[in-house]
Every structure is written in C-alpha cells, then in structure tokens.
Amino acid sequence: MTKGLLDIEALDRPEIESLLQRARDFQPLQQMREKRLDLLDGRLVVNLFFEASTRTRISFEIAAKRLGADALSISSQGTSVSKGETLLDTVSTLSAMRPDVIVMRHAASGAPHFLARHLPIPIINAGDGQHEHPTQALLDARTILDNRPSLEGLRVAIIGDILHSRVARSNIHLLSKFGVDIVLCGPAPLVPQDLKDLAPGVSITYDIKEALRNTDIIMMLRVQLERQNETNFPAGEYSRFYGLRAENLALAKPDAIVMHPGPMNRGREISTEVADSSRSVILSQVENGIAVRMAVLERVLQ
Ligand code: NCD
C-alpha cells in the first residue's frame, strides 16, 4: 500500500509525535509576511470532497500552497459523480492525471481505505463517514500541547454526539496512546456503552456535570443530524442537558480550555458566551489545521 494517512488508529506514538513536532516548526510561518516555502515545489495535491466542508478543504488547500505545491479542490457537485460514475472510476480518472496525493472526504466509512487498496497513489483521509478524521485529531493535539506541557495525565471530556463523530473517534485513538483519561458524555442514544472498548482509558457518563468536573480539556461536538434518521433533539432541551454554558464550565479546572472542531451550532451544544470567551481555543484549532496539514503533506510526499 502506498503510504498515505488513513487513520490515527494505525499510527504509533513516535509517528504522531514527529508530525506534531513538525507542525510546530510550521506554526510561526502563519505570522510571517512571506508564507510560502518550496518544500513541495511542482507537486500536485488534489482535494476531492464528496461531503460539505469549509475548514478542512480550505486548510488542506492553503497547506499545500504554503509548501509550494499546486492544489486543486474538487467537490462532488459539478463532477461526473453526479452522473452516476462509481467512486473507483472517478478517482482512477483523476489519478490518470497524475496528482502526487489525493486528499479525500467521503460519507462512507472506509472509502479512503478502499481507494488506497486500488490506487498506486497516497490517499489522505479528510474524514470518512463516522469512522476517522485523522488530521482533526492531530490539530487538536497540537492545540492542546500549545496550552499544556504534555498530554500524559490530562483529563479530556468529549461531549455531544460521539456515536456519529469521526472527530471523536480519531481523538479517542490519539489521546489514548498518550495515557489521557478520556470521558465521553452525551445523550445515551448518542453515546453507546461499547464506545468504551474503542481504546484504553475511556469512560462514559450521561451527566455533563460529572464530565466537566475537574476536567483540563473540553471538546464539544455538533449533533450530526446528517448521519441519523432520528428526529432532531429540540435545541433548547439539548442545550439544557448537554450544552456548555458559563455556569457548568465553572465545574472544570480554572484553566480548562474549550475546543470545538466546527461547525458550531451556537445556543445548542455551546453558548455564544463560552464560544467567544478567553477559554475558547476554537480559532487556534483552525489556525493549527494549516501547520498540521503541512506536516502531513510533507510526510506523505517526501
Ligand atoms: C467535522 C467533520 O466534518 O467531521 N468538522 C471538521 O472537519 N472540522 C465535524 C462536524 O462536521 O461536526
């Protein structure tokens, strides 16, 4: 198999550490006037997005350009996918145009793994169904490490729709490899008990107060309505039981940080007051996404 990045589960600790370290080298570049390096000069990165995305797609595109590569973004609307072409045919057609890497987001869990088995070109998973979103977990870890000396021994609460969240799954795999105490919390149908078996160090509670008490890091997640057939939880009721607001945030450690992968549903899983507070590192996550994706593209292409 050509080396790409399909999931966090398959990475070992040194591989994760070296990506996070390399991302740190790229962080200062964001503040510079001249932001372009020539490490991937002349290489072609194709972003193929079969699902909606703002942050991830733009961030991969910027990361590629900052490394000197050419970047092209394609969404499924406006391509032959809408004319009934199979995934393998679409991607084989693209791969005949000789990109050096394909970054792919797809609604089906395992879609990038399937392509990686059939194509002689590295594939980077930009989110596959409810399975994994490896670069999100890396940028989350980078953001935590910008605020804490190490991951070991931290208590991290992941709150919301864990069942449908690839962000949660990738974070659970990553944090667990570093001995983090991971508490999952949300409405029972969205946090089934068997998620405890995903990785060591995971516990579950249905009481947000218990999840928040003494926590270092709070990761809030959106309810992924597009991956469920159930009826919507009324926003007011959801927010009352599982929303992060100033009064329950006070239960966490005084220096706890608040994270969210976006897109946020303000007034539902997170109040505007908390989202815009000094405890929120949500925009740092977005900024770190570029440095982390530069590290990933460099590793995959060099
Ligand atoms: C997430 C995703 O698409 O998995 N967003 C992101 O990539 N930053 C989370 C979500 O859609 O809720």
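Per chain, residue numbering runs from 1 following the sequence as it is written. Where local features are concerned, this predicted model is filtered to residues with pLDDT of at least 70; where side-chain atom pairs are given and counted, the filter is 80 or more; whole-chain, interface and lining totals use all residues. Calculation of side-chain values draws on the structure's entire complement of heavy atoms; hydrogens and water are dropped beforehand.

1. Some words on the nonpolar core
Logical step 1: In this structure, L138, I158, L174, L184 and L297 are the most contacted members of the largest nonpolar core, which totals 61 residues.
Logical step 2: Considering every element that reaches this core, the biggest residue donor is helix 11 (residues 282-301), with 9 residues.
Logical step 3: We call two residues in contact whenever any of their non-hydrogen atoms come within 4.5 Å of each other. Look past the residues within four positions of L174 in its chain and what remains in contact with it is I8, I16, A137, L138, A141 and L151. Nonpolar core, defined: a set of buried Ala, Val, Leu, Ile, Met, Phe, Trp, Tyr and Cys residues in which side-chain atoms within 4.5 Å join the residues together. Accessibility here uses a 1.4 Å probe with only protein chains present; expressed as a share of the type maximum, an area under 20% marks a residue as buried, one over 50% as exposed, and anything in between as partly exposed. Segments assigned H or I by DSSP are reported as helices when at least four residues long, segments assigned E as strands when at least two residues long, and all are numbered from the N terminus.

2. So, the site of the ligand
Logical step 1: We call a residue near a given molecule or strand whenever any one of its heavy atoms falls within 4 Å of it. With respect to spatial proximity, the complete set of residues near the ligand consists of T56, R105, H133, Q136, R166, V167, R222, Q224, P261, G262 and P263.
Logical step 2: Each polar contact in these results corresponds to two N or O atoms within 3.5 Å; when the atoms are within protein, one needs to be able to donate a hydrogen and the other to accept it, and residues that are neighboring in sequence are counted only if both atoms are side-chain atoms. Contact distances for the ligand include 3.0 Å between an oxygen atom and a side-chain N or O atom of R105.
Logical step 3: Residue H133 places a side-chain N or O atom 2.8 Å away from an oxygen atom belonging to the ligand.
Logical step 4: About the coverage of the ligand: the protein hides 94% of its 320 Å² of free accessible area. All accessible areas in this document rest on Shrake-Rupley with a 1.4 Å probe, and a residue is counted as covered only by the protein chains that are shown.

3. A closer look at the domain arrangement of the protein
Logical step 1: As annotated, the domain borders come from an automatic or database domain assignment. Examined at the domain level, the protein breaks down into domain 1 (4-131 + 288-301) and domain 2 (134-285).
Logical step 2: Each of domain 1 and domain 2 has a C-alpha centre, and these two points are 25 Å apart.
Logical step 3: At the interface, 31 residues of domain 1 touch 28 residues of domain 2.
Logical step 4: As used here, buried area is the combined drop in accessible area, with a 1.4 Å probe, of two parts when they are placed together. Taken together, the two surfaces of domain 1 and domain 2 that pack against each other cover about 2500 Å², and 57% of this comes from carbon and sulfur.
Logical step 5: A pairing counts as a salt bridge when a side-chain nitrogen of Lys or Arg comes within 4 Å of a carboxyl oxygen of Asp or Glu. There are 2 salt bridges connecting domain 1 and domain 2.
Logical step 6: E51 is the partner of R166 in a salt bridge, and the nearest nitrogen-oxygen pair spans 2.9 Å.
Logical step 7: Counting every contact that joins domain 1 to domain 2 gives 15 residue pairs in polar contact (both at pLDDT 80 or more).
Logical step 8: Looking at the side of domain 1 that touches domain 2, the elements that each hand over two or more residues are helix 1 (13-26), helix 2 (55-66), strand 3 (101-106), strand 4 (123-128) and helix 11.

4. A word on the pattern of salt bridges
Logical step 1: For the structure shown, the criterion picks out 15 salt bridges.
Logical step 2: When the shortest N-O distance is used, the salt bridge between K3 and E15 registers 3.6 Å. Of this pair, K3 sits in the segment before helix 1 while E15 sits in helix 1, placing them 12 residues apart in sequence.
Logical step 3: Looking at E15, the relative accessible area reads 23%, which means it is partly exposed.
Logical step 4: A salt bridge links K65 to E61; its shortest N-O distance comes to 3.4 Å. On the criterion of helical spacing, the pair formed by K65 and E61 is a turn pair, its members being 4 residues apart in helix 2.
Logical step 5: Through salt bridges that share partners, K3, E15 and R299 make up one connected network.

5. Concerning the sheet that holds strand 4
Paired through their backbone hydrogen bonds, the strands of a sheet run either parallel or antiparallel.
Logical step 1: Each pair of strands is called paired provided DSSP finds at least two bridges between the two strands. Overall, parallel pairing links the 4 strands, which are arranged 2-1-3-4 in an open sheet. Only two strands of the sheet have a single partner each, and these edge strands are strand 2 (70-75) and strand 4. Each strand axis lies, on average, 15 degrees off the axis of its neighbour in the sheet, ignoring direction.
Logical step 2: Both strand 1 (residues 44-49) and strand 2 contribute to a ladder of 6 bridges, which runs parallel. Every axis in this analysis is a line fitted to C-alpha atoms, fitted for helices over the stretch in contact. Angles between the N-to-C directions lie between 0 and 180 degrees.

6. Examining the sheet that holds strand 7 (residues 202-205)
Logical step 1: The sheet built from 5 strands is open, its strands ordered 7-6-5-8-9 with parallel pairing. Every other strand in the sheet has two partners, leaving strand 7 and strand 9 (257-259) as the edge strands with one partner each. Adjacent strand axes in the sheet meet at a mean angle of 20 degrees when their direction is disregarded.
Logical step 2: Sheet strands in contact with helix 5 (residues 134-147) are strand 8 (217-220) and strand 9, and its direction is about 165 degrees off that of strand 9.

7. Some points on helix 1
Logical step 1: A helix's residues, less one, multiplied by 1.5 Å, set its expected span. Compared with an ideal rise of 1.5 Å per residue, which puts 14 residues at 20 Å, helix 1 spans 20 Å between its outermost C-alpha atoms and is within 8% of the ideal.
Logical step 2: Looking only at helix 1, the buried set comprises I16, L19, L20, A23 and F26. Looking straight down helix 1, one finds that the buried residues subtend no more than 110 degrees of arc, so they occupy a single side.
Logical step 3: Buried residues along helix 1 sit in contact with helix 5, helix 6 (166-177) and helix 11. In this description, one arc is meant: the one made by directions from the helix axis to the C-beta atoms.

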